[in-house]
Amino acid sequence: MVDYSLSPSEQELYVRAMEFARKEIVPRAIELDIANEIPIDICQKAYKAGFMNLHIPKEAGGPGKSLFEETLIYEAIGYGDAGTATSINVNNLAFAPLVIGATIEQLQKYVQPLVTGEKVKFGAFCLTERDAGSDASATKTTAVKEGDEWVLNGTKCWSTNAPVADLFTVFAQTEPGSGYKGMAVFMVPKDAGVEIGHIENKIGQKASQQSEVFLKNVYVPEDCLVGEVGKGFHIAMMTLDKTRTGIASIATGVCQRAVDEATKFALKRVQFGKPIFNNQGISFMLADMAARAQNARLSTRYAAWLADHGEKSSFDSAIAKLVASDWAMQNTTDAIQIFGGYGYAVEYGIGTMFRGAKLLQIYEGTNQVQRIVIANELKKKVKTLDTGFKLNYAGVDAPDHTS
Ligand code: COS
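The present account deals with the structure reproduced in this document. Quick caveat, the model's predicted, so the values are computed rather than measured. (Residues numbered from 1 in each chain as written. Predicted model: local features only at pLDDT ≥ 70, side-chain atom pairs only at ≥ 80, totals over all residues. Heavy atoms only, no water.)

### Brief notes about the overall build of the protein chain
Here comes step 1: Assigned secondary structure in the protein chain consists of 11 helices and 10 strands.
Here comes step 2: Computed over C-alpha atoms, the radius of gyration of the protein chain comes to 23 Å, within 12% of the 22 Å expected from 2.2 N^0.38 for 403 residues, which places it in the range of a compact globule.
Here comes step 3: Along the longest, intermediate and shortest principal axes, the C-alpha atoms of the protein chain span 80 × 70 × 40 Å.
Here comes step 4: At a minimum sequence separation of 6, the contacts of the protein chain that also span at least 24 residues come to 75%.
Here comes step 5: Accessible surface, the protein chain: about 18,600 Å² in total, of which carbon and sulfur atoms supply 56%.
Here comes step 6: One finds the centroid of the 41 positive side-chain charges in the protein chain at a distance of 4 Å from the centroid of its 46 negative side-chain charges. (Helix = DSSP H or I, 4+ residues; strand = E, 2+ residues; numbered from the N terminus. Rg over C-alpha atoms; globule rule 2.2 N^0.38 Å. Contact = heavy atoms within 4.5 Å. Areas by Shrake-Rupley, 256 points an atom, 1.4 Å probe, with all protein chains shown as cover. Lys, Arg positive; Asp, Glu negative; His and termini not counted. Charge placed at Lys NZ, Arg CZ, Asp CG, Glu CD.)

In structure tokens form, the structure reads like this:
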């Protein structure tokens, strides 16, 4: 029988993460939005609570958590604040290509020191370039082998946590002109000579930072190559299949928070002598919002569960990321509407959620890219599907139903 309940340890994790979000993040979300910087103190507490570096295996000093467990933690942290959740979550993205492609010895040498010390440390995922966003294989950053070292040159951008990172996961081209077939991925320690450029000035998720990363004749030893040359793009795609459920989890948290805050407000706010909740125009909006939050959660947990069971999850993680982030945008938009003028006032914090939700539809693959992934997978699935329906779609052999 299918069991939708959480195990006692999963329940404990979910409750603990939610308590963390309510205590450490919710009361500070507006202040963090104004401060426009990474809340290192909250990240430090999240690190100590075991909410970071989730997929690093225990042999390399990590917590060795499943993707399903990640959905529980990041739904809770996203409930607190999407920007803070991005700062806390992004080590999962930075280290996922290494968990997928590196040997345990490489993880122990380059990642273990970052996940076992007293102080929180950060990694940064460096795939995007000014002309290689959705078109990730258009990477211009180069990696050239010189003796027993690799030399990297190029500029990455929109790299989350780069300004505070110690290790950079860099996707580079080893054979310019060969497209994705020449891509490879490298672990690049900050002290190899990585420089940080412009920090983006964003309209939301201000408790996270994204910046340019300059690689100017940066030399790294041979063992910084992750997996094989030519497999960088595949590792990037496999990474995103996994990490998109993390974004979907943050989005689920935002969806749920919008429902909770708007319901509380609608029950208290009296107009025409009764709480505005008593108008179906409002309560039906709230019902739709609750339905979205519930379905975002189910879709996200299902995609993570599939991946944890060794199934290819491209289709399901893209669906989860797409619907959860679109619904986070819709729910926060509706929450502002229900709050009316107060929703538009900074002090009520709904605007922080609303602006934060927008980025969920853009990063780790725009929602248009998710539709490309879903459509590509759909084409593959339908090719092998016998619906039992024999109508010739070209119409030539269609049966005559008129006789
Ligand atoms: N897992 C493993 N391998 C994959 C894969 C996956 N999910 N998806 C594609 N591949 C492999 C394919 O098998 C193919 O390899 P082979 O030729 O060896 O078989 C190769 O990758 C190229 O596949 P495809 O031609 O389908 O890739 P596209 O260039 O068409 O991919 C999209 C297009 C848009 C899907 C891709 O570029 C993408 O996801 N872009 C978004 C990047 C992104 O999310 N950026 C944000 C970064 S984080 S802020």
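### Some remarks on the packing of aromatic side chains
Here comes step 1: Under the criterion given, the structure shown has 9 aromatic pairs.
Here comes step 2: For the ring pair Tyr180 and Phe233, a centre distance of 5.5 Å and an interplane angle of 40 degrees mean the geometry is tilted. One end of the pair, Tyr180, is in the loop between strand E4 (165-173) and strand E5 (183-189); the other, Phe233, is in helix H7 (residues 232-268), with 53 residues separating them in the sequence.
Here comes step 3: For Tyr180, a relative accessible area of 35% translates into the label partly exposed.
Here comes step 4: Phe233 sits in the buried class, given a relative accessible area of 18%.
Here comes step 5: Each member of the aromatic cluster is reached from another via a ring pair, and the members are Phe265, Phe339, Tyr342 and Tyr348.
Here comes step 6: Geometry around Tyr14 places Arg301 over its ring, the cationic atom sitting 5.2 Å from the centre. (Phe/Tyr/Trp six-rings, centres within 6.5 Å; stacked < 30°, edge-to-face > 60°. Buried < 20%, exposed > 50% of the residue type's maximum accessible area, 1.4 Å probe, protein only. Lys NZ or Arg CZ within 6 Å of the ring centre and 35° of its normal.)

### A look at the site of the ligand
Here comes step 1: Around the ligand, the structure places 19 residues, and the nearest of them are Ser134, Tyr180, His234, Asp241 and Arg244.
Here comes step 2: Relative to its unbound accessible area of 1,000 Å², the ligand is 68% covered by the protein chains.
Here comes step 3: Those elements giving two or more residues to the shell around the ligand turn out to be H7 and helix H11 (367-383).
Here comes step 4: The biggest single contributor to the shell around the ligand is H7, with 7 residues.
Here comes step 5: Residues that form the shell around the ligand fall into these classes: 10 nonpolar, 6 polar and 3 charged. (Near = heavy atom within 4 Å. Nonpolar A, V, L, I, M, F, W, Y, C, P; charged D, E, K, R; others polar.)

### Notes on the pairing of strand E3 (residues 149-160)
Here comes step 1: As defined by bridge partners, strand E2 (residues 142-146) adjoins E3 across 5 bridges and the pair is classed as antiparallel. In the sheet register, Ala143 faces E3, and the bridge partner there is Leu152.
Here comes step 2: The loop that links E2 with its antiparallel partner E3 comprises 2 residues; one of these, Gly147, has a positive phi angle of about 60 degrees.
Here comes step 3: Bridge count between E3 and strand E7 (residues 210-221): 9 bridges; the pairing is antiparallel. Bridge pairing in E7 places Lys156 opposite Val213. (Pairing = 2+ DSSP bridges.)

### Let's talk about the nonpolar core
Here comes step 1: Core analysis: the largest hydrophobic core is formed by 103 residues, its most contacted members being Ile77, Phe95, Leu98, Phe168, Phe186, Val188 and Ile338.
Here comes step 2: The greatest single-element share of this core, amounting to 15 residues, is contributed by H7.
Here comes step 3: Ignoring any residue separated from it by four or fewer positions in sequence, one finds Phe168 in contact with Ala124, Cys126, Ala162, Phe186, Met187, Val188, Lys190, Val194, Ile196 and Val213.
Here comes step 4: Among the nonpolar cores identified, the runner-up in size contains 6 residues, and Phe315, Ala318, Leu322 and Val369 belong to it. (Core = buried A, V, L, I, M, F, W, Y, C linked by side-chain atoms within 4.5 Å.)

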